[in-house]
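# Residue-level structure breakdown
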Amino acid sequence: MLEERAAAHSTGQRRRARRRRLLVGLGAAVLLSGAAGYVVGLQSHTTASDITAQYDAARSPQASELSSEVNRTLLELWRMEDVEAVRNSGRSR
């Protein structure tokens, strides 16, 4: 009878120890995953405006000069069309 109690007590201790190890392992896994998520969240994320800024910085100066020249020319053409529209509207009266 004493041996049966000792065996039952030993089995209970093993079960409790196994349960405790499992819970400690699960808790450690949760803490590690939380820490990893926090670290990833702290890293800077690249936004669309960042990508555009990097692309613009990488473009050659000639491309930006050409773009500004095209924009200037288009604005001049639009102004000329507006002037002609005003002239033509005055003639039709």
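Rules used in this analysis
Residues numbered from 1 in each chain as written. Predicted model: local features only at pLDDT ≥ 70, side-chain atom pairs only at ≥ 80, totals over all residues. Heavy atoms only, no water. Helix = DSSP H or I, 4+ residues; strand = E, 2+ residues; numbered from the N terminus. Rg over C-alpha atoms; globule rule 2.2 N^0.38 Å. Areas by Shrake-Rupley, 256 points an atom, 1.4 Å probe, with all protein chains shown as cover. Lys, Arg positive; Asp, Glu negative; His and termini not counted. Charge placed at Lys NZ, Arg CZ, Asp CG, Glu CD. Patch = residues over 30% accessible without salt bridge, like charges linked within 9 Å, V, L, I, M, F, W, Y side chains within 5 Å. Salt bridge = Lys/Arg side-chain N within 4 Å of Asp/Glu carboxyl O. Buried < 20%, exposed > 50% of the residue type's maximum accessible area, 1.4 Å probe, protein only.

### Brief notes about the overall build of the protein chain
What the protein chain contains, in helices and strands, is 3 helices and 0 strands. In sequence order, the protein chain lays out its α and β elements as α-α-α. The C-alpha atoms of the protein chain give a radius of gyration of 38 Å, which is well past the 12 Å a tight globule of 93 residues would have. Overall size of the protein chain, expressed as C-alpha extent along the three principal axes, is 120 × 40 × 10 Å. Taken as a whole, the protein chain presents about 8,800 Å² of accessible surface, with 60% of it coming from carbon and sulfur. Considering the protein chain, the positive charge centre built from 14 side chains and the negative charge centre built from 10 side chains are found 23 Å apart.

### Description of a positive patch on the surface
Taken together, the side chains of Arg14, Arg15, Arg16, Arg18, Arg19, Arg20 and Arg21 define a basic patch exposed on the protein surface. Summarising the element assignment, arginine 19 is placed in helix H1 (residues 2-42).

### A look at the pattern of salt bridges
On inspection of all chains with the given rule, the structure shows 2 salt bridges. Linking arginine 72 and glutamate 69 is a salt bridge whose minimum nitrogen-to-oxygen distance equals 2.5 Å. Here glutamate 69 and arginine 72 lie together in helix H3 (residues 61-91), a separation of 3 residues that amounts to about one turn. Judged by its relative accessible area of 38%, glutamate 69 is partly exposed. A salt bridge links arginine 72 to glutamate 76, with the shortest nitrogen-to-oxygen separation between them at 3.3 Å. Taken as a pair, arginine 72 and glutamate 76 lie in helix H3 at a separation of 4 residues, close to a single helical turn. For arginine 72, a relative accessible area of 44% gives the class partly exposed. Three or more residues joined by partner-sharing salt bridges are found here, namely Glu69, Arg72 and Glu76.

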